[in-house]
Structures are given as structure tokens and as C-alpha cells.
Amino acid sequence: MSQRVTEVTAFLAEILTPRAPLTVIVDGGDHGAATRFAARLAAAFPPSARAWNVDAVLGLTGPSGGVLDSALNVLEPAADRVIVYLRSGPRGPAGVGERRAQVVIDNNDPQWPVIRELHPRLADPERWHLAESQAFFGPRAAGWDKKFGDDLPAYAEAVESAEPEPGDVVLDIGCGTGRALPALAAAVGPTGRVLGLDCTRNMLAEARAQGRDRSADLIQADARRLPLPDATAAVVFAAGLVHHLPDPAAGLAELARVTRPGGRLVLFHPSGRAALAARHGRTLTADEPLNSANLASLLDGAGWSLSRYEDDDDRFLALAVRL
Ligand SMILES: C[S@@+](CC[C@H](N)C(=O)[O-])C[C@H]1O[C@@H](n2cnc3c(N)ncnc32)[C@H](O)[C@@H]1O
């Protein structure tokens, strides 16, 4: 029995039990996986909060109009409804299933489910974000550079766009295996300082295994609560981080706090948003934080001014200046 399935279902049962009576609908591209997960979730509720569970009663979505949901009722009659979407198997059209869900779980490896989104009405992100991010990225750390290693020149180019200068203090937040660190170190030279921060221990271990601790000090830290004084950095680099944060506005404000006035922020990804979404079997929606209008207003509210925005097939790059 997978430890992760136990952890995730126990956590969901814990936060949902006080909301009973309710109906929990487990939705997903793979009906078998949804049914199995619903059964595990039902078993995780305490007996006093467990009424009955029914398989495939609602059939709200499904690419071919088929019945894909598994519903589990907790203490009928239900006054509330919570939809849990399992990312596994084929996705529904335009991610409809995900969009109507309050809980999104990456279940591509059913032994290793990870909560990726959870509506703040159900639980404060403080209760799940770090642990679930670490569970998501930890097992992926060892193979990260084998999978994405060809992107290093693109990282160097993105670093250059912020024009770091010799002697600068620069940060790579959510640095992962540290693919940007050598370029940052080369730009600031021996009188500068580079810090690579990430919440996932295995990612930092992999950065050390690649020798990137020669380019930077590596620190395990939460991007939402950086262990740094105000106005520390001339340049903050963040690749593939912001859309993983449960509250991007608060995350950008924390990055602003540690940046000096006039300092620059680089938000980067070595593929464009549409290409990345397609790789994950999604289409882009208007409410995503990195869409140009949303990002400009998020940055504005967080103490930055957006100065450049590119979203091409082969890179996403947004540059902002600290006000
Ligand atoms: C998509 S990876 C990108 C890694 C690296 N920047 C790169 O481009 O190869 C996102 C990284 O953000 C880290 N991360 C996610 N949430 C975080 C948080 N709250 N604080 C610090 N790091 C976080 C993950 O551990 C992971 O290493």
C-alpha cells in the first residue's frame, strides 16, 4: 500500500471531515484510478463520518461524454460538494475537469499521488504546500538534468537579460538543480555573491552532485518566507517557480522585499507557456498568473514594474524592475 496514497487521503479526510455532510466527487481521465482513489478516501474518513460510497454516480465530465466520476457521500444529506480531480490518463477537453475542481492531484504515478492545487477555502496552504511540493519534486531531482540538461545556454541568456554586474548579490529562487547558477556566478564574478534557494532537499543535493555549490551557496528555504534581509539582491532569478506557488501575488511580494530598489526580477522558463501546457496535456486559460495582463497587474501590486514580456515557443521570459 503506497505511503503517499495514505498520506494524501488521510490529509483530505482530515480537512473534509469537519465539513460533513458533504459529497466528494473524484473525477479524472482514468475511471479505474478515480474509483480506487475514492475507495481509499472513503476508508480514510473516521467511521462516524462515513455514510456510504457510490461508484460513478454523476458523470459530469469525460472526453466522450462518458461517466468518469466516483462519488462518495459523507453523512447524507449533503449540503456541500467538493470535487477532487486526479490528473492521470487522458485529460478532458480544455482541462474542464481540473477547472471545476477544488482539489487537483497529480496521479500520473498512482503510487505517488501529490496534491498540486487545493482551494484555500478547504485548507490554508501552510498546511500542505511545502510538503506536497517536496513530495512532487523530490523524486524527480535525480533525473532532472538528464531530462532537461540541454537548456543550459537558454538559462545563460535569460540571466544576461537582467544585466547582473560584477560584485552584485544575486538570488536564484526555486533553483532546483541549479541550472542558472554557473551563469549567475560568471556574471557577478569573485566579488559578487550567488545564493541558490529551494525548498526541496533532493534538488539541492542534486545541485551539489553537479558541482554547482562551487557557483553558489545553497540554502533550503521557502520562497514565500526567505531567510534574507530586505533589499539584499540586485537580481532575482526564478525559473519555473511562480506558477507553483499557491499565492503568486504574495510570492512576488516576498521576492520584492529582498530586492533593492532598481533591482531586477527574471521570471523564466525554457519553453513558452502554450508549449509547456501542451506538454502537460492542458490548454492555457485566461486566469493563469503568467498571462501578460495578469502578470503585469500581479507585479504592479507586489512592488515591481513589468519591463519586458516574451512568450515564444522556446522560451518564456518576463523582466521586472523593483520600484
Ligand atoms: C519547475 S522546478 C524549476 C527548478 C529550476 N529553477 C530549473 O529551472 O531547473 C520548480 C522548483 O521550485 C521549487 N519550489 C516549489 N515551491 C517552492 C517554495 N515554496 N519555496 C522554494 N522552492 C520551491 C521546487 O522544489 C523545484 O525545485
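Residues numbered from 1 in each chain as written. Predicted model: local features only at pLDDT ≥ 70, side-chain atom pairs only at ≥ 80, totals over all residues. Heavy atoms only, no water.

Okay, the sheet that holds strand β12 (residues 304–312) next. What the seven strands build is an open sheet, ordered β9-β8-β7-β10-β11-β13-β12; its pairing is mixed. Looking at strand neighbours, the two that pair on one side only are β9 (217–220) and β12, the edges of this open sheet. On average, adjacent strands in this sheet sit at an angle of 15° to one another, irrespective of strand direction. Where helix α11 (residues 292–301) meets the sheet, it contacts β11 (259–269), β12 and β13 (315–322), and its direction lies at approximately 160° from that of β12. (Pairing = 2+ DSSP bridges. Helix = DSSP H or I, 4+ residues; strand = E, 2+ residues; numbered from the N terminus. Axes fitted to C-alpha atoms, helices over the stretch in contact; angles between N-to-C directions. Contact = heavy atoms within 4.5 Å.)

All right, on to the site of the ligand then. Looking at the ligand, there are 22 residues lining it, with Tyr 155, Gly 174, Asp 198, Thr 200 and Ala 223 nearest. Between the ligand and the protein, one listed contact pairs a nitrogen atom with a side-chain N or O atom of Asp 222 at 3.0 Å. Ala 239 places a main-chain nitrogen or oxygen 2.9 Å from a nitrogen atom of the ligand. Coverage of the ligand by the protein amounts to 97% of the 590 Å² it exposes when considered alone. The element that contributes the greatest number of residues to the shell around the ligand is helix α4 (residues 129–137), accounting for four residues. (Near = heavy atom within 4 Å. Polar contact = N/O pair within 3.5 Å; in protein donor to acceptor, adjacent residues only side chain to side chain. Areas by Shrake-Rupley, 256 points an atom, 1.4 Å probe, with all protein chains shown as cover.)

Attention now moves to the environment of Leu 295. Assignment of secondary structure puts Leu 295 in helix α11. Through-space distance from the C-alpha of Leu 295 to that of Leu 306 is 8.1 Å; in sequence the pair is 11 residues apart.

This part takes up the side chain of Glu 288. Take Glu 288: it is sitting in the loop between α10 (273–279) and α11. One polar contact links the side chain of Glu 288 to the main-chain amide nitrogen of Thr 285, over a distance of 3.1 Å. Apart from residues no more than four positions distant in its own chain, Glu 288 is found in contact with Arg 273, Arg 282, Thr 283 and Asn 294.

Once that is clear, we can look at the UniProt feature "domain: Methyltransferase type" (unreviewed entry) in the chain. Those places that UniProt annotates as "domain: Methyltransferase type" (unreviewed entry) correspond, in this numbering, to residues 171–267. Summarising residues 171–267: 28% helix, 30% strand, and an end-to-end C-alpha distance of 12 Å. (UniProt positions renumbered as here; feature names shortened; annotations may be inferred.)

This brings us to helix α1 (residues 3–16). In a regular helix each residue adds 1.5 Å, so 14 residues correspond to 20 Å; α1 covers 20 Å between its end C-alpha atoms and thus fits that length. Packing partners of the buried residues in α1 comprise β1 (22–28), α2 (31–44), β4 (80–87), β5 (103–106), β6 (114–118) and α4. (Expected span 1.5 Å × (residues − 1).)

The next subject is the nonpolar core. Counting 29 residues, the largest nonpolar core has Leu 12, Leu 16, Phe 37, Ile 105 and Leu 118 as the members making the most contacts within it. Elements represented by at least two residues in this core include exactly α1, β1, α2, β3 (70–74), β4, β5 and β6. Look past the residues within four positions of Ile 105 in its chain and what remains in contact with it is Val 8, Leu 12, Phe 37, Val 84, Tyr 85, Leu 86, Arg 87, Pro 113, Val 114, Ile 115 and Arg 116. (Core = buried A, V, L, I, M, F, W, Y, C linked by side-chain atoms within 4.5 Å. Buried < 20%, exposed > 50% of the residue type's maximum accessible area, 1.4 Å probe, protein only.)

For the rest of this paragraph, the subject is the layout of surface pockets. Of the pockets and cavities examined, the second largest pocket occupies roughly 180 Å³. In terms of lining, the second largest pocket is formed by Ser 2, Val 5, Ala 33, Arg 36, Phe 37, Arg 40, Asn 107, Pro 110, Gln 111 and Pro 113. With four residues, the single largest contributor to the lining of the second largest pocket is α2. Residues of the lining of the second largest pocket, tallied by class, amount to five nonpolar, three polar and two charged. (1 Å grid on protein atoms, 1.4 Å probe; cavity = no way out; pocket = protein on both sides within 12 Å on 5 of 7 lines; lining within 4 Å. Points joined across faces, edges and corners; volume = space filled by probe spheres on them. Nonpolar A, V, L, I, M, F, W, Y, C, P; charged D, E, K, R; others polar.)

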